[in-house]
Amino acid sequence: MTLSFSDTYKLNNGIEMPRHGFGVYKLTDEKRMRTALETAVDVGYRLFDTASFYHNEKELGDFFASSGLKRDEFFVTTKMWNTEQGYDETLRAFEKSQKKLQLDQIDLYLVHWPKQDTFFETWRAVEKLYDEGLVRAIGVSNFEAHHLDRLRTSANVLPVVDQLETHPHFPNRLLHRYLEELHIVHQAWSPLGRGGVLEEQILIDLAKKHGKSPAQIVLRWHLQNNISIIPKSETPSRIKENAAIYDFELTEADMHQVDRLNNGERVSHAPDVMYVRSEI
Ligand code: NAD
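Calculation rules
Residues numbered from 1 in each chain as written. Predicted model: local features only at pLDDT ≥ 70, side-chain atom pairs only at ≥ 80, totals over all residues. Heavy atoms only, no water. UniProt positions renumbered as here; feature names shortened; annotations may be inferred. Phe/Tyr/Trp six-rings, centres within 6.5 Å; stacked < 30°, edge-to-face > 60°. Helix = DSSP H or I, 4+ residues; strand = E, 2+ residues; numbered from the N terminus. Buried < 20%, exposed > 50% of the residue type's maximum accessible area, 1.4 Å probe, protein only. Polar contact = N/O pair within 3.5 Å; in protein donor to acceptor, adjacent residues only side chain to side chain. Contact = heavy atoms within 4.5 Å. Pairing = 2+ DSSP bridges. Right-handed = clockwise from strand over helix to strand, strands pointing away. Near = heavy atom within 4 Å. Areas by Shrake-Rupley, 256 points an atom, 1.4 Å probe, with all protein chains shown as cover. 1 Å grid on protein atoms, 1.4 Å probe; cavity = no way out; pocket = protein on both sides within 12 Å on 5 of 7 lines; lining within 4 Å. Sits in = over half its atoms within 2 Å of the grid points. Axes fitted to C-alpha atoms, helices over the stretch in contact; angles between N-to-C directions. Points joined across faces, edges and corners; volume = space filled by probe spheres on them. Nonpolar A, V, L, I, M, F, W, Y, C, P; charged D, E, K, R; others polar.

Per an unreviewed UniProt entry, the protein is named Oxidoreductase, aldo/keto reductase family, and its organism is Listeria welshimeri serovar 6b. Check the Sequence similarities (unreviewed entry) section of the UniProt entry for the protein; it says "Belongs to the aldo/keto reductase family."

This is the structure:
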């Protein structure tokens, strides 16, 4: 399987999205964030994943404005938070994100979590932003099969991406297959399980075998499973390490070894907890 860092997915609306991006959750110290972003751009990252909830869209926008990157050389994803859902609320949230990011057009706008009460109104607003050309693509995050089925009963535009918690402890395989059927790209959030999977002996052994780190084994496993990844780190050496996964390949047996780590343990909420509880 020949893969490269500059590979893209052609999304179901025809636009190209880098497969391997950089997540910026919890990057809030301005100086450290800038160093991290400079390192990421230097090593070749071109997709940046933020959200209004991360409180760093302004800093990310400032970085782009001064980075020397042309607009078509980077891809930005952002998301509205749960309290910003609903028709008017989503349109207002988008405007705020757009201002902070200092961009006329956002590449990918995601519904951060499914919310039962404002479900259709939020998507209607997201579709409006898409129809008006303010976003190049629209998608969802933390949507399980039943949320997607509900959305499909009235959506005019289908999501291009579903961003989901996915790592060796929680591989989300069933949902992955469903997304493939729907031509929706599966993007893994917390692809490293927030670092929590990296102590697993299976990963340490595979790392030794390939002369790589456990984090590199996990990221490569995602790619070979046809999953998009957005690992986060603010440490320059790790940012480089997380990009250096294109010079080796896991065998089928190695892949099965990593599959054995599935223990159903999430690092965050199950989507239905967010779905039904209006206060979060
Ligand atoms: P992650 O799995 O990317 O883990 C990040 C942590 O792993 C780092 O803070 C660091 O402690 C450790 N780490 C990173 N590289 C390492 C390396 N090479 N060696 C050892 N340890 C390393 O977790 P994340 O930040 O939660 O997820 C990645 C991105 O996904 C976020 O930044 C954000 O953009 C997105 N995200 C989305 C949602 C959502 O609901 N849509 C939720 C959480 C995160």
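Still more to cover.
**Q** I would appreciate a short explanation of the packing of aromatic side chains in the present structure.
**A** How two aromatic rings sit relative to each other is given by the distance of their centres and the angle of their planes. For the structure shown, the criterion picks out 15 aromatic pairs. Their ring planes at 35° and their centres at 4.7 Å tell us that tyrosine 25 and tyrosine 54 sit as a pair that is tilted. Taken together, the positions of tyrosine 25 in the loop between strand 3 (22-23) and helix 1 (30-43) and tyrosine 54 in the loop between strand 4 (47-49) and helix 2 (57-67) put the pair 29 residues apart, joining distant regions of the chain. For tyrosine 25, a relative accessible area of 27% gives the class partly exposed.

**Q** Looking at this model, I keep getting lost on the side chain of threonine 166. Mind explaining?
**A** Along the chain, the position of threonine 166 falls in the loop between strand 8 (161-165) and helix 6 (173-182). At a separation of 2.8 Å, a polar atom in the side chain of threonine 166 contacts the side chain of histidine 186. Those residues in contact with threonine 166, other than ones at most four positions away along the chain, are Pro171, Asn172, His186, Ala188, Trp189, Ser190, Pro191, His222 and Ile227.

**Q** Explain the UniProt feature "site: Lowers pKa of active site Tyr" (unreviewed entry) in the protein to me, please; I cannot follow it from the model alone.
**A** Within the UniProt annotation, "site: Lowers pKa of active site Tyr" (unreviewed entry) is assigned to Lys79. Side chain to side chain, lysine 79 and aspartate 49 meet in a polar contact 2.7 Å long.

**Q** What exactly am I supposed to notice about the pairing of strand 8 here?
**A** Residues in a regular strand point their side chains to alternate faces of the sheet. The buried fraction of strand 8 is high, at 5 of 5 residues. Bridge analysis of strand 7 (residues 135-141) against strand 8 gives 2 bridges, and the strand direction is parallel. Across the sheet, residue valine 140 finds its bridge partner in strand 8, namely aspartate 162. Traced from strand 7 through helix 5 (residues 145-152) to strand 8, the parallel crossover comes out right-handed. Here strand 8 runs beside strand 9 (residues 185-189); their pairing, made up of 5 bridges, is parallel. Paired with leucine 164 across the two strands is alanine 188, which belongs to strand 9. Considered for its hand, the β-α-β crossover made up of strand 8, helix 6 and strand 9 is right-handed.

**Q** Explain the site of the ligand here, please?
**A** Within the structure, the ligand sits among 27 residues, and Asp49, Ser141, Ser190, Leu192 and Arg194 are positioned closest to it. One of the backbone N or O atoms of lysine 232 is found 3.0 Å from an oxygen atom in the ligand. A total of 840 Å² of accessible area belongs to the ligand in isolation, and the protein chains cover 88% of it. Here the ligand occupies the largest pocket.

**Q** For this particular structure, what's the right way to read the sheet that holds strand 7?
**A** Think of a sheet as strands paired side by side through backbone hydrogen bonds, with each pair either parallel or antiparallel. Strand order in the open sheet formed by 8 strands is 3-4-5-6-7-8-9-10, and the pairing between neighbours is parallel. If you trace the sheet from one side to the other, it starts and ends with strand 3 and strand 10 (228-229), each paired once. Bridge analysis of strand 9 against strand 10 gives 2 bridges, and the strand direction is parallel. By the bridge assignment for strand 10, glutamine 187 is matched with serine 228. Contacting strand 5 (75-80), strand 6 (106-111) and strand 7, helix 4 (residues 119-131) crosses the sheet at an angle of about 160° to strand 7.

**Q** Help me understand the layout of surface pockets in this model?
**A** Taking a probe equal in size to a water molecule and rolling it over the atoms shows the remaining empty space. If you add up the space inside the largest pocket, you get close to 780 Å³. Lining the largest pocket we find 35 residues, and of these Tyr25, Ser190, Pro191, Arg194 and Lys232 sit closest to its centre. Ranked by residue count, the leading element in the lining of the largest pocket is helix 9 (residues 236-243), at 3 residues. Here the lining of the largest pocket is composed, by residue class, of 15 nonpolar, 12 polar and 8 charged.

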